[in-house]
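Examining the three-dimensional arrangement
Chain by chain, the residues run as shown.
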There are 2 protein chains.
Amino acid sequence: EIRALVVGDRCVGKTSIIHSLTSEDPLDSLPTIHSPVKIPNDQCLENCSLTILDSYTENLPDSSQILEEELEKATVILLVYDITQPNSVRRLETLWLPYLSKHTNSPIVIIGNKLDLKSSSPDYSFDTVISLLHNHAEMFEVVIECSAKSLENLYDVFIHMQNAVLYPLSPLYD
Amino acid sequence: EIRALVVGDRCVGKTSIIHSLTSEDPLDSLPTIHSPVKIPNDQCLENCSLTILDSYTENLPDSSQILEEELEKATVILLVYDITQPNSVRRLETLWLPYLSKHTNSPIVIIGNKLDLKSSSPDYSFDTVISLLHNHAEMFEVVIECSAKSLENLYDVFIHMQNAVLYPLSPLYD
Ligand SMILES: Nc1nc2c(ncn2[C@@H]2O[C@H](COP(=O)(O)OP(=O)(O)OP(=O)(O)O)[C@@H](O)[C@H]2O)c(=O)[nH]1
Ligand SMILES: Nc1nc2c(ncn2[C@@H]2O[C@H](COP(=O)(O)OP(=O)(O)OP(=O)(O)O)[C@@H](O)[C@H]2O)c(=O)[nH]1
Ligand SMILES: [Mg+2]
Ligand SMILES: [Mg+2]
């Protein structure tokens, strides 16, 4: 009954996050789009049924009809940025949150990926992301940093995508 | 008269390298494929004419007919890996060099991109790449590390892609 859709800029690690949530293999030559993944109910909170879906967007906000159809069906959105790409942080606010709010009322979990590369990104700080998103706080549930490579915080991602649906913070619209 | 084709795994920075060779703008939301770039003759070595072409490969070595056609026309190949992705280093030897040697006789310049992220990749070393490629030394001209983001060594990339054609190290086959 939970349908999680992973969205975000190119190359931020959408496919890798799905891969690492569901496999112990390293991130070796993954395809662009991961096939839909069904997590066994007994591994989910409250025995819920959880399906995780990948996406790909060449030129958002143009030509994204497939994405819009998937957004309508999703019950939670995982919006991924890359902590090593300042532009992917900026586009949360300038592009992704406004775009998503137009196409879904489902809760949004923001995920900062590639945390293993943090020490090379001196200009990146979690606090800066939080202040940048401060004016849009009603638009998402939570921001989590993780690494699909080192697996750091990945279990938190797994829990939060379920929490966002089972125990939402924001009021539910219709 | 020089036709440089940029190839390599997904997300290694092929498009960014072309962008940064030819523009001073930051790496903001680039397309998957850069349009072909013609460098003015008076900026090139020996007044040569230099065109740089981008490529994209979803599932090499399968379904790569477009790539194979471009490889036939190219006079130099820029084979890019990502220094933060050990897998992209391994695939130079296991996949890319054997594949390229089947489809072209043109000189190959190997480029290790994202050098700005080096301090977060303690397992990466240039010497390891060189030893890994030692047995294939006849298959390429040179290995250069650079960053499409910080622009470090990018001018070397520009010079070496021309040198590889104008003053080739390896014998020329027909
Ligand atoms: N260091 C590091 N690299 C990562 C991480 N997650 C993904 N990558 C790498 O980032 C690149 C892109 O990963 P993908 O999972 O294909 O990203 P994507 O968002 O699905 O990309 P597209 O489908 O092309 O938009 C690959 O080289 C991955 O190995 C991470 O947590 N740490
Ligand atoms: N830190 C850093 N990031 C880079 C560098 N070069 C590219 N990137 C980032 O890496 C990601 C992929 O870059 P692209 O240039 O689109 O890579 P590509 O090889 O053309 O990718 P595909 O066309 O999808 O195969 C983007 O987020 C770029 O901003 C670099 O030198 N340093
Ligand atoms: Mg993907
Ligand atoms: Mg590209």
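What this report covers is the structure whose coordinates are included nearby.

Analysis parameters
- The residue count restarts for each chain, going from 1 along the sequence in the order it is written.
- Labels follow written order: the first chain is A, the first ligand is 1, and so on.
- Given that this is a predicted model, residues contribute local features only at a pLDDT of at least 70 and side-chain atom pairs are listed and counted only at 80 or more, while totals for whole chains, interfaces and linings are drawn from all residues.
- Based on all heavy atoms of the structure, the side-chain values leave hydrogens and waters out of the count.
- Two joining distances apply to patches: 9 Å for like charges and 5 Å for nonpolar side chains (Val, Leu, Ile, Met, Phe, Trp, Tyr), and every residue must have over 30% relative accessible area and no salt bridge.
- Note that accessible areas follow from Shrake-Rupley with a 1.4 Å probe, and for residues the cover is restricted to the protein chains shown.
- Salt bridges are counted wherever a side-chain nitrogen of Lys or Arg sits within 4 Å of a carboxyl oxygen of Asp or Glu.
- Note on conventions: DSSP H or I runs of at least 4 residues are helices, E runs of at least 2 residues are strands, and numbering of each starts at the N terminus.
- Contact definition: two residues touch when any of their heavy atoms are within 4.5 Å.
- Buried area is calculated as the accessible area (1.4 Å probe) missing from two parts once they are joined, with the contributions of both summed.
- We call two N or O atoms a polar contact when they sit within 3.5 Å, provided that within protein one can donate a hydrogen and the other can accept it, with sequence-adjacent residues counted only if both atoms are side-chain atoms.
- Polar here means any residue outside two lists: the nonpolar Ala, Val, Leu, Ile, Met, Phe, Trp, Tyr, Cys and Pro, and the charged Asp, Glu, Lys and Arg; Gly therefore counts as polar.
- Sodium, potassium and calcium take a 3.2 Å donor cutoff, other metals 2.8 Å, and in both cases only N, O and S atoms count; water is not among them, so sites may look incomplete.
- Only protein chains enter the calculation, and the probe is 1.4 Å; a residue is then buried if its accessible area is under 20% of its type maximum, exposed if over 50%, and partly exposed in between.
- Here, two cysteine sulfur atoms that lie within 2.5 Å of each other are counted as a disulfide.
- Note on terminology: near, applied to a residue and a molecule or strand, indicates that one of the residue's heavy atoms is within 4 Å of it.
- Lines are fitted to the C-alpha atoms to define the axes, a helix being fitted only along its stretch in contact, and any angle between axes, read from their N-to-C directions, falls within 0 to 180 degrees.
- The labels follow the angle: roughly parallel below 35 degrees, roughly antiparallel above 145, roughly perpendicular from 65 to 115, and oblique for the rest.
- By this definition, two strands are paired if DSSP reports at least two bridges between them.

1. A word on a nonpolar patch on the surface
Taken together, Ile33(A), Tyr56(A), Ile33(B) and Tyr56(B) make up a surface patch of nonpolar side chains, about 330 Å² in accessible area. On the secondary structure map, Ile33(A) appears in the loop between helix H1 (14-22) and strand S2 (37-39).

2. Structural notes on the interface of chain A and chain B
Counting residues at the interface gives 22 residues for chain A and 22 residues for chain B. Note on chain A versus chain B: buried area summed over both sides is about 1700 Å², and carbon and sulfur give 37% of it. On the chain A side of the contact with chain B, Thr32(A), Leu117(A) and Ser120(A) bury the most area, a combined 25% of that side's loss. Summed over the shared surface of chain A and chain B, the number is 2 salt bridges. Residues Asp28(B) and Arg90(A) are paired through a salt bridge, measuring 3.6 Å at the closest nitrogen-oxygen approach. Connecting chain A to chain B are 18 residue pairs in polar contact (both at pLDDT 80 or more). When its residues are assigned to classes, the side of chain A that touches chain B shows 7 nonpolar, 7 polar and 8 charged.

3. What to know about the coordination of the magnesium ion (ligand 4)
Six octahedral donors around a metal ideally make angles of 90 or 180 degrees; four tetrahedral donors ideally make 109.5 degrees. Residues and elements named next belong to chain B. At 2.0 Å from the magnesium ion (ligand 4) lie its protein donor atoms, namely Thr15 (OG1) and Thr32 (O). Taken together, the residues Thr15 in helix H1 (residues 14-22) and Thr32 in the loop between H1 and strand S2 (37-39) connect sequence positions 17 residues apart. Each member of the pair, Thr15 as well as Thr32, is classed as buried.

4. Quick notes on the state of the cysteines
Scanning the model with the defined rule gives 1 disulfide over all chains in all. Across a sulfur-sulfur distance of 2.2 Å, Cys11(A) and Cys11(B) are joined as a disulfide pair. Given an S-S torsion of about -85°, the disulfide between Cys11(A) and Cys11(B) has left-handed geometry. Of the two residues, Cys11(A) is situated in the loop between strand S1 (2-8) and H1 and Cys11(B) in the loop between strand S1 (2-8) and H1; the pairing between them involves two chains. The structure places no disulfide on Cys44(A), whose sulfur is separated from the nearest cysteine sulfur, that of Cys48(A), by 4.4 Å.

5. A word on the site of ligand 2
Around ligand 2, the structure places 21 residues, and the nearest of them are Arg10(A), Lys14(B), Thr15(B), Ser16(B) and Asp116(B). Gln85(A) is positioned with one of its side-chain polar atoms (N or O) 3.0 Å from an oxygen atom of ligand 2. Residue Thr15(B) places a side-chain N or O atom 2.8 Å away from an oxygen atom belonging to ligand 2. Relative to its unbound accessible surface of 650 Å², ligand 2 loses 95% to contact with the protein. Of the residues forming the shell around ligand 2, the biggest block, 3 residues, is contributed by H1(B). Classifying every residue of the shell around ligand 2 gives 7 nonpolar, 7 polar and 7 charged.

6. Here's the deal with the packing of H1(A) against helix H5 (residues 154-166) of chain A
Residue and element names in this part refer to chain A. Between H1 and H5, whose axes approach to 10 Å, the crossing angle comes to 95°. Considered as vectors, H1 and H5 are oriented roughly perpendicular to each other. Contacts between H1 and H5 involve Ile17, Ser20 and Leu21 on the former and, on the latter, Leu154, Phe158 and Met161. When its residues are assigned to classes, the contact of H1 with H5 shows 5 nonpolar, 1 polar and no charged.

7. Some remarks on the environment of Asp116(B)
Relative to the elements of secondary structure, Asp116(B) occurs in the loop between strand S5 (108-113) and helix H4 (126-132). The class for Asp116(B) is partly exposed, based on a relative accessible area of 24%. When the C-alpha atoms of Asp116(B) and Lys102(B) are compared, they prove to be 33 Å apart, with 14 residues separating the residues in sequence. Not counting residues within four places of it along the chain, the set of residues in contact with Asp116(B) comprises Ser120(A), Ser147(B), Lys149(B) and Ser150(B).

8. Thoughts on the sheet that holds S1(A)
Residues and elements named next belong to chain A. The strand order S2-S3-S1-S4-S5-S6 describes an open sheet built from 6 strands, whose pairing is mixed. Across the chains shown, the open sheet's two edge strands, defined by having one partner strand only, are S2 and strand S6 (142-145). Here the average twist between neighbouring strands, direction ignored, is 25°. Strand direction decides the pairing type here: strand S4 (residues 76-82) and strand S5 (residues 108-113), joined by 6 bridges, are parallel. Bridge assignment links Ile77 to a residue of S5, and that residue is Ile108. Where H1 meets the sheet, it contacts S1, S2, strand S3 (50-53), S4 and S5, and its direction lies at approximately 140° from that of S1. Strands in contact with helix H2 (residues 65-73) are S1, S3 and S4; relative to S1, the strand with the most contacts, it is inclined by about 145°.

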